Structures are given as structure tokens and as C-alpha cells.
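Residue-level structural notes
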Amino acid sequence: MNPACRATYSVSETLVDCSKCGHLLDIAYDWNRVPLPGSLKQFESRWSSRRNPLDFSGVWRFRELLPFARDEQIVTIGEGQTILQSSAGVGKYAGFQTGKLLLQYEGLNPSGSFKDNGMTAASTHAHMVGAKVAACASTGNTSASLAIYSSTTRLFETIVFIGSGKIAYGKLSQALDYGAKTLQIQGDFDDALKQVRDVCAARGIYLCNSVNPFRLEGQKSIMFRVLEALNWEVPDWIVVPGGNLGNSSAFGKAFFELKELGLIHRIPRLAVINATGSNTLYQLFEQHKIRWNGGKLDEAKINGFFGQMDTDNRRASTLATAIEINRPVNLLKCLRALEVCDGVVREVSDEAILEAKAQIGAGGFGCEPASAAGVAGAKLLREQGVISPSDQVVCILTGHQLKDPTSTVAYHSVDPARLSAIATAEDDAYATMLSKAGVTQTPAANRPIVVENKFESIMALLDRIGC
Ligand code: F0G
């Protein structure tokens, strides 16, 4: 990943960073040896052979575009059956012409998030190298995904490291239910990730966070499916929430490779959206103007930024707990993707995230808070005139609505009058939670209506609300 360092390693290694330059590794292929199709459309022939699990998988039906494994080595549980949908309500809310804002529902994966696209690839590589134990740190979805691959395939045991307190219950329940050994670290995600990296290196445990370059190969397929849904037309914008920056990095790599291979003729623009309480990329890219710069980037400035973060003991804090991350490990790869895709970065408040989430829910399927950051970001970029109302925009909804029911119920049920005064809200868990996150209003709330347990009262209520 350091362009100056030409070190290469074989596919049978389990390194995540280069032992020479210390940077994260990247997967490179000798494309001359790959039987590539002449056009992306040719992948459609796999629709008729879906009985073959590799052709059914929304990741591996594009296997020539991530050709690191032989067919018999591939581990799949039917991931990537996800769809691109148009939602008139959400599009209008975000300021777009009808049909111009599309939502890619990655929450419809087996473990309920986009992570399965990457975990099938990491599990495949773990299988290739004969790993017996795999581990990850997680804000919740990575652990749920790794745990489901471990429990369904029985190829390896799983240990997941989570921070204390911040994991949404839907996700924690998955790791526990799928039988992963779950270690709760007294710290946040950034602490848990540091620990798991050290532990995996010391014990020879297979590491499944997005520092693992094979994960990102699988996540490229989200973009292949988006193109497929658009009849292989390239959209104008891809908008994605940014946490550890694995997705944005993978998307940039996907488009770069497709263009190099002559399979697409233009690259869409990329918008990465941070939560305001967890905005390292926004600060570095938009405020400090850090650029990939063909690989000649100002690493001293980046290190200075993180040094100051440590000195100030600044910790990430957002209700979008999936992206509550201050030290995104894929920062450099994401900066490269932003250069390839002429990208932008924005930050959005928790209030904007929850409002967008309610709009997405009202439009169908729904998503978790982190995913809604993308739509909130698309709305902001529209208001700023960066994206035009007629641009074709695809927002990636990264996680399922049921992952974090607490934030959904809090938003819809809290009495807005309670939000302005946190002091008086202390006795109400939902009001406290929202107030602490800076949420002062809930205009898209669909509040439950309390009614007497009496037929006449219910009928009178129905008359009043016009049903
Ligand atoms: N959306 C959801 C629902 C996530 O779970 C994550 C990351 C992101 C967005 C951010 O994606 O890291 O590729 O920028 N969740 C990780 C986890 C960190 O542990 O589950 P990214």
C-alpha cells in the first residue's frame, strides 16, 4: 500500500501489513492470467446456473474480478442477494428528481449487514491457509458476520472483541447466539482493534477486520451489483457512510480495476459521510486538505493529527455506533479511493442521521443509524449544490433496521418536549440518550398513540385519525 515499497507476498501469507514498510497490504492480480469476460454483461449468464452456490452468491458470481481462490476453496453462505431500490419518498426528502436517488440495501445479507460481502472472502482465505481460529474487533456487525460464517461452516472457531457499552443489542445478540467467544474490552472500538491486532499477531490467529485485504476484495462486489442493477451503466455518485473506511477503499479499488480492464469507461464520484462525533476523515480531508497525491501524501501531518487526538484524549461519540471510530485503519486506501473517484467527504449530525433513518424506514426495509448517514450526506451535498437533483445517486444502506431497535424506538417514541432540557430528561432513558447526542427535534417521528383498552375509545380514535 506504500507505493514506494515494492515488496510482494504470496497469497498463502496471513500478513495484513507489510513487514518492510509497515503499511497495510493490498491485493494485486496478474490480470493476464485471469479468464476475464469481454464485458460485464457476460456475468448475467450465471443467473441461469444459480443452483451452483458460487453462481448464486452475489460476491462469487463475479469471481473473475476477485480471483485469489480456486472454486473449490471458496466459502459461501449465499451472501450478496441484495437489491437496488428507488424510493420516491426518500429521493424527494433528499432533494432529488424522481428515480434519481437509489438505495442499495446491504442489510438484506445473511447476517444483516454488508460485512458478509467481505467475510465470505476473508473466510475463504482463512480456509485456504488452514486457519483454526479467527478473530475480529467490532462495533457489532463484523462480529455478527464472522460469527455466522464460523457457525454455519464450522471451519474455524471465532473470538470477537467488542468495546464496552456501545454495541447495539441486535448485533451483540447475534455474536452470542451464533456461539462466538465474546470478549468485552474496557474501552472503545479503537482500543479493541489495537488489542485484537496484537493478540492475533502473537497467537497466529486469523484476523478478519478490514485490515485484512481479502475482506476488501469481497466488498468490491457491492459495486458490481450496483452496476448490474443499473444495466451496467455507471451512476454519477456513490454515497457511503465512513467508519473504518473499508467500504470506500474497496469501492475505489473496484472502479479503478474495472476501468483499467476496460470493463467500464468512466468512474463515478464518491462521497464518504462521517458522523460529526466521529469525523477523522472529514477533518483530515476537508479541513486539513490531506490528499493521497499519487501516494506522496503528508504522513507527518496525519501522524501529528493522531498525536494531538491522543494528547487531548478525544474519543469518538455518535448514536451511529457502527461508525463510532476515531482511527480508521483504511485511511490511506480511502484517500486513494477519493483520488480515483474525485471524491468528497462530509460530516452529518446525529439529529440529521436519525431523521434520514426515519425517512428511509418510512420508504420501506429500513436501516440502522450508520447507514442513514449516507442519505443524510446525499441531502447535504444536494443542498450545497455539489450533487445536482438530476444526478444518478446510489446510497449504500450498510446495515439492517433490526440491528439497532433501541435508536429507532427512541426516535419515534420520545416526547419532543423532553429533548430540550437534558436535566429534566434524566429519568427517561430515551430522552437522555437522544439529548446527549444533541438531538433537539424529531420531525419524522411516528409516535405510538396511547388508547384506552375499550372498543368505543379505539373506534373514536380511528375516526379522529381518519382511518
Ligand atoms: N455501516 C455499518 C452498518 C457498519 O457496521 C460499519 C462498520 C460501517 C457502516 C462503516 O464501514 O468501516 O467500511 O467504513 N462497522 C464495523 C464493525 C467497524 O465492526 O462492524 P467502513
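The present account deals with the structure reproduced in this document.

About the cut-offs
- Residues numbered from 1 in each chain as written.
- Predicted model: local features only at pLDDT ≥ 70, side-chain atom pairs only at ≥ 80, totals over all residues.
- Heavy atoms only, no water.
- Helix = DSSP H or I, 4+ residues; strand = E, 2+ residues; numbered from the N terminus.
- Rg over C-alpha atoms; globule rule 2.2 N^0.38 Å.
- Buried < 20%, exposed > 50% of the residue type's maximum accessible area, 1.4 Å probe, protein only.
- Contact = heavy atoms within 4.5 Å.
- Areas by Shrake-Rupley, 256 points an atom, 1.4 Å probe, with all protein chains shown as cover.
- Phe/Tyr/Trp six-rings, centres within 6.5 Å; stacked < 30°, edge-to-face > 60°.
- Pairing = 2+ DSSP bridges.
- Axes fitted to C-alpha atoms, helices over the stretch in contact; angles between N-to-C directions.
- Near = heavy atom within 4 Å.
- Polar contact = N/O pair within 3.5 Å; in protein donor to acceptor, adjacent residues only side chain to side chain.
- Nonpolar A, V, L, I, M, F, W, Y, C, P; charged D, E, K, R; others polar.
- 1 Å grid on protein atoms, 1.4 Å probe; cavity = no way out; pocket = protein on both sides within 12 Å on 5 of 7 lines; lining within 4 Å.
- Points joined across faces, edges and corners; volume = space filled by probe spheres on them.

**Regarding the overall build of the protein**
Looking only at helices and strands, the protein features 17 helices and ten strands. Against the globule reference of 23 Å for 467 residues, the protein gives a C-alpha radius of gyration of 22 Å, in line with a compact fold. By its C-alpha atoms, the protein is 75 × 50 × 45 Å across when sized along the principal axes. Residue burial in the protein is summarised as follows: out of 467 residues, 57% are buried. A fraction of 71% describes how many contacts in the protein between residues 6 or more apart in sequence connect residues 24 or more apart. With the model as given, the accessible surface of the protein reaches about 19,600 Å², and the carbon-plus-sulfur share is 50%.

**Quick look at the packing of aromatic side chains**
In this description, an aromatic ring pair is defined by two values, namely the gap between the centres and the angle between the planes. Scanning all chains against the criterion turns up seven aromatic pairs. Between the aromatic rings of Y105 and F365, the centroid separation amounts to 4.6 Å while the plane-to-plane angle is 50 degrees, which identifies the pairing as tilted. One end of the pair, Y105, is in strand β2 (residues 101-105); the other, F365, is in the loop between α12 (350-362) and α13 (369-383), with 260 residues separating them in the sequence. Overall, the relative accessible area of 3% leaves Y105 in the buried class.

**A word on the sheet that holds strand β6 (residues 206-207)**
Whether parallel or antiparallel, the strands of a sheet pair through hydrogen bonds between backbone atoms. The four strands are arranged β5-β4-β3-β6 in an open sheet whose pairing can be described as parallel. Two strands close off the open sheet at either side, each with one partner strand: β5 (181-185) and β6. The sheet contact formed by strand β3 (residues 133-138) and β6 spans two bridges and is parallel. Following the sheet pairing, A134 is matched in β6 by Y206. Strand contacts of helix α6 (residues 189-203): β3, β4 (157-163), β5 and β6, with the helix running at about 160 degrees to β3, the strand carrying the most contacts.

**Overview of the sheet that holds strand β8 (residues 269-275)**
Strand order across the open sheet formed by six strands is β1-β2-β10-β7-β8-β9, with mixed pairing between neighbours. Since the sheet does not close on itself, it has two edges, and those belong to β1 (84-86) and β9 (344-348), each with one partner. Averaged over all adjacent pairs, the angle separating strand axes in this sheet is 25 degrees, with direction ignored. Running at roughly 95 degrees to β9, α12 makes contact with β2, β8, β9 and β10 (393-397) of the sheet.

**Quick notes on the site of the ligand**
Around the ligand sit 21 residues, and of these T139, N141, G243, N244 and T398 come closest. Within the backbone of N244, one N or O atom sits 2.7 Å away from an oxygen atom of the ligand. With respect to the ligand, the side chain of T398 contributes an N or O atom lying 2.7 Å from a nitrogen atom. Within the complex, 99% of the 480 Å² of free accessible area of the ligand lies under protein. Of all the secondary-structure elements, those providing two or more residues to the shell around the ligand are α4 (141-153) and α8 (246-260). In the shell around the ligand, the residues fall into seven nonpolar, twelve polar and two charged.

**Some points on the layout of surface pockets**
Its boundaries defined by the atoms lining it, the largest pocket holds a volume of some 1,400 Å³. As for the largest pocket, its lining consists of 47 residues, and the residues nearest its centre are D26, I27, A28, Y29 and K253. For the lining of the largest pocket, the elements supplying multiple residues, two or more each, are α7 (213-229), α8 and α11 (331-340). The element that contributes the greatest number of residues to the lining of the largest pocket is α8, accounting for five residues. Tallied by class, residues from the lining of the largest pocket come to 27 nonpolar, six polar and 14 charged.

**Some remarks on the environment of E339**
Summarising the element assignment, E339 is placed in helix α11. Accessibility expressed as a relative area gives 41% for E339, which makes it partly exposed. Once the C-alpha coordinates of E339 and W292 are considered, the two residues, 47 residues apart in sequence, prove to be 6.5 Å apart. Looking at E339, its side chain comes within polar contact range of the main-chain nitrogen of N293, at 2.8 Å.

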